[in-house]
Amino acid sequence: MSKWKIIVSGAVLGLSCLLWPYEANARQSCIAASISENLIGGQSDTPLMPVKINDQPAALFLSYDYDDIYVKNASSMNFDKFVDESVWGTVDVFNTFRKREKAHVIRVDKFSFGGFDVPHAKLVLLKGASNQSVQGLPVVGIGGTVFLNNFAVLFDVKNKKITFFEVEDGCENKEEITKIMGGDFHEVNVHNNANRLEVAAKISGRKVHFFINPDLDMTEMPMDWIAEDHIPLVKKDEKTEVRFTRGEGYISNVATVESLTIGDDTEKNRKIKVADKIYAGSLGLDFFADHVVLIDAINSKMYFRKSDGTSTDAGHNLHFETSKSASIDVK
């Protein structure tokens, strides 16, 4: 639902300087290297990954709905001293309310995850502070496509695992994919739409497209789709949720649709949030929490299967896109 777009030249992570740890260098036909890391947080939290910034432990949310790595100051981490005074720019916040703010590009000596080091990384420092923490780590920001799109990324949220594969462009080996997925899986193409990944789907047989956003608490679609695409609803909950994001609100209902089809997989009686004041649909955290998902942005593919994980750890509804919500009864 939200999109941060940096318009400062060169404000990227610089992943050409990646330093793979020795143990990740076993070569396979399409996979040059891989690194696994434990996800932290619980069921209702956006996928959260432990990282180190200049050797200080922290945590980042992960989502394909953001284009850069965005950070905020935290009680144990002050990024102001890393501001690159030679680069100052404007960050456009593309969300429901078209907000806009200024941000600094910062340079840190080292950005690390899973024993993998990125020297002289460039991040984007947003205004305000983050007060969120998980398992003793300050949650300082979110990693977007400038980071994620360098890899094929395997999300196994229920089992709290994430794996990054360095894959070859144009190389596809179904035996390797089958081994990675660990069972029968579905395959679908993904499309890069203005640096956001989207996937074709059908709601009750009507063709739509969803952006991929595991930071969103639940898969949602615009209310306009119901009228424009003639999407029938099996049920519309009587409870209405009013969400407030950056001081402004929009209304949403949880509705049940006849079916949601992605690739050759169809879910019957699927719950989807229907919201006003949004312009696009998004495949949210509920999809990732229920599936093992491999997103290979390099080769424009997404693979997924139902998860057989058994994690029951409660989450804290931690998301980078902070919002307030209230429920009202509709009479």
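Residues numbered from 1 in each chain as written. Predicted model: local features only at pLDDT ≥ 70, side-chain atom pairs only at ≥ 80, totals over all residues. Heavy atoms only, no water.

All right, on to the overall build of the protein chain then. Within the protein chain, the secondary structure is distributed over 4 helices and 24 strands. Each of the 331 residues in the protein chain was classed as buried or not, and the buried ones make up 55%. Per element, the accessible surface of the protein chain, about 14800 Å² overall, is 48% carbon and sulfur. (Helix = DSSP H or I, 4+ residues; strand = E, 2+ residues; numbered from the N terminus. Buried < 20%, exposed > 50% of the residue type's maximum accessible area, 1.4 Å probe, protein only. Areas by Shrake-Rupley, 256 points an atom, 1.4 Å probe, with all protein chains shown as cover.)

Bringing the packing of aromatic side chains into the picture now. Working definition: an aromatic ring pair is given by the centre-to-centre distance plus the angle between the planes. Counted according to the given criterion, the structure contains 17 aromatic pairs. A network of ring pairs unites the aromatic residues Phe111, Phe113, Phe116, Phe147, Phe151 and Phe164 as a single cluster. If you follow Lys72 out to its NZ or CZ, it ends over the ring of Phe320, 5.5 Å from the centre. Just above the ring of Phe211 sits the side chain of Arg196; from NZ or CZ to the centre is 3.8 Å. (Phe/Tyr/Trp six-rings, centres within 6.5 Å; stacked < 30°, edge-to-face > 60°. Lys NZ or Arg CZ within 6 Å of the ring centre and 35° of its normal.)

Moving on: the state of the cysteines. This structure, assessed with the given rule, holds 1 disulfide. The disulfide partner of Cys30 is Cys171, and the S-S distance across this bridge is 1.8 Å. Between Cys30 and Cys171 the sulfur-sulfur dihedral comes to about -65°; the bridge is accordingly left-handed. Of this pair, Cys30 sits in the loop between strand E1 (3-6) and strand E2 (31-38) while Cys171 sits in the loop between strand E12 (161-167) and helix H2 (174-181), and the two are 141 residues apart along the sequence. Given the relative accessible area of 6%, Cys30 is considered buried. (Disulfide = S-S within 2.5 Å.)

Time to look at the confidence of the model for the protein chain. The predicted model of the protein chain has a mean per-residue pLDDT of 84, with 82% of residues at 70 or higher. Here residues 1-12 scores under 50 on pLDDT; set against residues more than four positions off or in separate chains, the count is 63 contacts. A low-confidence stretch, residues 93-97 stays under pLDDT 50, and its non-local contacts, those more than four residues away or across chains, total 22 contacts. (pLDDT = per-residue confidence, 0-100. Contact = heavy atoms within 4.5 Å.)

Turning our attention to the nonpolar core. Phe111, Phe147, Ile203, Ile262 and Met302 are the most contacted members of the largest nonpolar core, which totals 61 residues. Here the element with the most residues in this core is strand E8 (residues 116-129); it accounts for 5 residues. In terms of nonpolar packing, the next biggest core, distinct from the first, is built from 15 residues, Ile40, Tyr70, Val124 and Val139 among them. (Core = buried A, V, L, I, M, F, W, Y, C linked by side-chain atoms within 4.5 Å.)

Per the stated rule, a full pass over the model turns up 13 salt bridges. The residue Asp55 makes a salt bridge to Lys110 at a minimum N-O spacing of 3.2 Å. Of this pair, Asp55 sits in the loop between strand E3 (48-53) and strand E4 (56-62) while Lys110 sits in strand E7 (residues 100-113), and the two are 55 residues apart along the sequence. The closest approach of N and O atoms between Glu267 and Arg270, which form a salt bridge, is 3.4 Å. In this structure, Glu267 and Arg270 share a single accessibility class: buried. A network of salt bridges, in which partner residues are shared, links Glu172, Lys174, Glu187 and Lys301. (Salt bridge = Lys/Arg side-chain N within 4 Å of Asp/Glu carboxyl O.)

Let us look at the environment of Val208. The residue Val208 is located in strand E15 (residues 206-212) in this model. Judged by its relative accessible area of 5%, Val208 is buried. Sequence separation between Val208 and Ala280 is 72 residues; the distance between their C-alpha atoms is 9.5 Å. Those residues in contact with Val208 that lie beyond four places of it in its chain are Val199, Ala200, Ala201, Lys202, Ile203, Trp225 and Asp229.

Two elements, strand E13 (residues 186-193) and strand E23 (residues 301-306), share 4 bridges in a ladder whose sense is antiparallel. Along E23, the bridge assignment pairs Val188 with Met302. Pairing geometry for E13 and strand E14 (residues 196-203), over 4 bridges, is antiparallel. Considered in E14, the bridge of Val190 is made with Val199. Linking E13 back to E14 in an antiparallel pair, the connection comprises 2 residues, with Ala194 at a positive phi of about 55°. (Pairing = 2+ DSSP bridges.)

Looking now at the side chain of Ser252. You can see Ser252 is positioned in strand E19 (residues 248-262). Setting aside residues up to four positions removed in sequence, Ser252 forms contacts with Lys239, Thr240, Glu241, Arg243, Lys273, Val274 and Ala275.

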